[in-house]
Amino acid sequence: MMKNRLLTLTLVTGAIVFASCNQSSKNKEMVKQEIYGTTQGKEVYMFTLTNKEGNVLKLTNFGAKINWIEVPDKNGNKDNITFGYDTFEGTITGDKYFGAVVGRYANRIAKGKFTLDGVENNLPLNDGPNTLHGGPAGWHSVVWNAEILKDSKYPAVKFTYVSPDMEEGFPGTVNAEVVYTWTDNNEIVMDYKCTTDKKTVVNVTNHAYFNLHGAGNGDILDHVLTLKASAFTPIDSVMIPTGEIRPVAGTPFDFTTPHAIGERINEQYNQLILGKGYDHNFVLDNIDPVDVTVYDSASGRVLEVITDQPGMQFYTGNFLDGTQIGHGGKPYNYRSGFCLESGHYPDSPNHPNFPSTVLNPGDTLKTQTIYRFSVR
Ligand code: GAL
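What counts and how
- Think of each chain on its own: its residues are numbered from 1, step by step along the sequence as written.
- In keeping with the model being predicted, local features are shown solely for residues with a pLDDT of at least 70 and side-chain atom pairs are shown and tallied solely at 80 or more, while totals for entire chains, interfaces and linings include all residues.
- Excluded from the side-chain calculation are hydrogens and water; included are all heavy atoms of the structure.
- Runs of H or I in DSSP of at least four residues are treated as helices and runs of E of at least two as strands, each being numbered from the N terminus.
- Radius of gyration here uses only the C-alpha atoms, and the compact-globule reference equals 2.2 Å multiplied by the residue count raised to the power 0.38.
- Three labels apply to residues, based on accessible area from a 1.4 Å probe with only protein chains included: buried if under 20% of the type maximum, exposed if over 50%, partly exposed otherwise in between.
- Whether two residues are in contact is decided by their heavy atoms, any of which lying within 4.5 Å being enough.
- For the area figures, the Shrake-Rupley method with a 1.4 Å probe applies, and any residue is considered shielded solely by the protein chains shown.
- Under this rule, positive means Lys or Arg and negative means Asp or Glu; His and the chain ends count for nothing.
- In this description, the location of a charge corresponds to atom NZ of lysine, CZ of arginine, CG of aspartate or CD of glutamate.
- The rule for a salt bridge is simple: a side-chain nitrogen of Lys or Arg has to be within 4 Å of a carboxyl oxygen of Asp or Glu.
- Strand pairing requires that DSSP identify at least two bridges connecting the strands.
- Stacked, edge-to-face and tilted labels apply to pairs of Phe, Tyr and Trp rings (six-membered ring for Trp) whose centres lie within 6.5 Å, assigned for plane angles under 30 degrees, over 60, and everything in between, in that order.
- Charge-over-ring placement is defined geometrically: NZ (Lys) or CZ (Arg) within 6 Å of the ring centre, and within 35 degrees of the ring normal.
- Here a residue is near a molecule or strand as soon as one of its heavy atoms is found within 4 Å of it.
- In protein, a polar contact means a hydrogen-donor-capable atom and an acceptor-capable atom, both N or O and within 3.5 Å, with residues adjacent in sequence counting only if both atoms are side-chain atoms; elsewhere, any N or O pair within 3.5 Å suffices.
- The distinction between a cavity and a pocket rests on a 1 Å grid over the protein atoms alone: a 1.4 Å probe fits inside a cavity but cannot get out, while a pocket stays open yet meets protein on both sides within 12 Å along at least five of seven lines, and a residue with an atom within 4 Å of a point counts as lining.
- Grid points are joined across faces, edges and corners, and a volume is the space filled by probe spheres set on the points.
- Residues are grouped as follows: Ala, Val, Leu, Ile, Met, Phe, Trp, Tyr, Cys and Pro are nonpolar; Asp, Glu, Lys and Arg are charged; all remaining types, including Gly, are polar.

J.: Just checking my understanding: could you explain the overall build of the chain for this structure?
T.: Regarding its fold elements, the chain presents two helices and 29 strands. The C-alpha radius of gyration computed for the chain amounts to 20 Å, which stays within 12% of the reference 21 Å derived for 376 residues, consistent with globular compactness. With the principal axes as the frame, the chain shows a C-alpha extent of 50 × 45 × 40 Å. Split into buried and exposed, the 376 residues of the chain put 59% on the buried side. Residue pairs at least 24 apart in sequence account for 66% of intrachain contacts in the chain once pairs closer than 6 positions are excluded. Of the roughly 14300 Å² of accessible surface on the chain, a fraction of 51% belongs to carbon and sulfur atoms. A distance of 3 Å separates the average location of the 32 positive side-chain charges in the chain from that of its 41 negative side-chain charges.

Below, the structure written as structure tokens:
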């Protein structure tokens, strides 16, 4: 679904606005800012962050998206391992969620309704009977303000967005911030902060898709996943949690020890049928220093995810169908990417037994998630 306010796009090619070098470390380490285009009457930029290892992270302030992550394999060959587009038009008109910061409420809210202090809030429906990812005009689809953090030890960009009262039906003006830092240890550190002037609900995440073979190079079924979650939240036929917290032990959802993603994905287990594969919130143990590890033996690449959030939506790209053509003209086919969306549980505002997503005036929501890349 394309929003009208996205349609005023102007294409600008390759204009370098300025480059910022971090003088406190080697010169290679830097952030470059280029004009990418204009939409919603605002300039959209592409930021290229290069760390000391010469590895590259590209970010845009449209949806505060990650557009490119270039890291080496075990032989030192570099490739981009995340979904995104080479052109502004692709970024604006393509898949809404590739790499995006999702808010104000990531994942689903049943029937687009929730009640706060006795007042029912009604949200636009954009996923069958439900509201998905903050609604059709959620934070993935707006132009964020952007600032290169020149005093940061590592290349870093801060994106901010003021989400107006009643935007997509949510009460309260929310000031949202995400800082992306690209460390010399090949970590994308994402620091989120939100405040509100009225009681509301907030659940933020990043929706990057990964394929450790290189984005667009085959499927991810051979990647080996370890997910430190002893339970998950089963879903109903429209992917809303039933409220049950089910132990993973003895089910195809047990990734507490390493398993290939594809090993059990086609089993006739009801939750895999309802999700069309894995598309579920895992209840993190939050005990181990690393919450998730994904390993691709072909490239030797490893992705680790570290978060302070209580949940992790593990999604195996079951809705990808090859119609999105990304970097280098490569189609993103069925199950050719996976997402690890840290956050609160889906539909928490309607489940009092789930950790609360209520944000009150005077409080600050602060949360951090790290994607760390290495080789084995
Ligand atoms: C995921 C969600 C999937 C799908 C996807 C966007 O977060 O779990 O069901 O909606 O976003 O295509």
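J.: Please clarify how the pattern of salt bridges should be interpreted in this entry.
T.: Pairs can form between side chains of opposite charge whenever their charged atoms are close. All told, the structure shown has nine salt bridges when counted by the stated rule. The shortest N-O distance in the salt bridge between Asp-127 and Arg-108 comes to 2.7 Å. Separated by 19 residues along the polypeptide, Asp-127 in the loop between strand S10 (119-122) and strand S11 (131-132) and Arg-108 in strand S8 (residues 108-109) bring together distant segments of the chain. Asp-127 sits in the partly exposed class, given a relative accessible area of 22%. A salt bridge links Arg-372 to Glu-187, with the shortest nitrogen-to-oxygen separation between them at 3.1 Å. Remark: Glu-187 occurs in strand S15 (residues 187-196) and Arg-372 occurs in strand S29 (residues 365-375); sequence separation between them is 185 residues.

J.: Teacher, can you tell me more about the sheet that holds strand S24 (residues 292-295) here?
T.: Taken together, the nine strands give an open sheet; going across it, the order is S12-S13-S14-S15-S29-S25-S24-S19-S22, and neighbouring strands pair in antiparallel fashion. Among the strands making up the open sheet, the edge pair consists of strand S12 (145-148) and strand S22 (259-260).

J.: For this particular structure, what's the right way to read the packing of aromatic side chains?
T.: Aromatic ring pairs are described here by two measures, namely the spacing of the ring centres and the angle between the planes. Here the structure, examined in full by the defined rule, presents 29 aromatic pairs. The interplanar angle of 40° and the centroid separation of 5.4 Å between the aromatic rings of Tyr-278 and Phe-314 together place this pair among those described as tilted. On the criterion of sequence distance, the pair formed by Tyr-278 in the loop between helix H2 (270-275) and strand S23 (279-284) and Phe-314 in strand S26 (residues 311-315) is long-range, its members being 36 residues apart. Among the aromatic residues, ring-to-ring pairing joins Phe-83, Tyr-85, Phe-98, Tyr-209, Tyr-315, Phe-319 and Tyr-332 into one connected group. It is Lys-58 that lies over the ring of Trp-68; its NZ or CZ is 5.4 Å from the centre. A cation sits over an aromatic face here: Arg-376 above Tyr-295, 4.5 Å from the ring centre.

J.: Mind showing me how you'd approach the pairing of strand S4 (residues 56-60) here?
T.: As a general feature of sheets, a regular strand has side chains that alternate between the two faces. In terms of burial, S4 is largely enclosed, as four of its five residues are buried. In the sheet, strand S3 (residues 42-50) pairs with S4 via five bridges, with the strands oriented antiparallel. Within S4, the residue paired with Phe-47 across the bridge is Leu-59. Counting the residues between successive antiparallel strands, the hairpin from S3 to S4 contains five residues, one of them, Gly-54, with a positive phi of roughly 80°. Note: S4 against strand S5 (residues 65-72), five bridges, orientation antiparallel. Within S5, the position partnered with Leu-57 by the bridge is Ile-69. Remark: four residues form the turn of the hairpin made by S4 and S5, two consecutive strands paired antiparallel; Gly-63 in that turn has positive phi of roughly 70°.

J.: Looking at this structure, how should I read the site of the ligand?
T.: Surveying the vicinity of the ligand reveals the residues Tyr-97, Arg-108, Leu-132, His-133, His-207, Tyr-209, Met-239, Asp-279, Gln-313, Tyr-315, Phe-319 and Glu-341. A distance of 2.9 Å separates an oxygen atom of the ligand from a polar side-chain atom of His-133. Relative to its unbound accessible surface of 310 Å², the ligand loses 92% to contact with the protein.

J.: Can you help me understand empty space enclosed by the protein in this one?
T.: It is the rolling of a water-molecule-sized probe over the atoms that shows where space remains empty. Tallied over the entire structure, the rule returns four cavities of 30 Å³ or more. In this structure, the largest cavity spans a volume of roughly 70 Å³. For the lining of the largest cavity, the secondary-structure elements that each account for two or more residues are S26 and strand S27 (338-343). When the residues that make up the lining of the largest cavity are grouped by side-chain class, the tally is three nonpolar, nine polar and one charged.

J.: How should I be thinking about the side chain of Thr-183 in this particular structure?
T.: Relative to the helices and strands, Thr-183 resides in the loop between strand S14 (174-182) and S15. Among the residues examined, Thr-183 registers a relative accessible area of 5% and is labelled buried. Looking at Thr-183, its side chain comes within polar contact range of the main-chain nitrogen of Asn-185, at 3.1 Å. Excluding residues within four positions of it along the chain, Thr-183 makes contact with Asn-51, Tyr-154 and Val-189.

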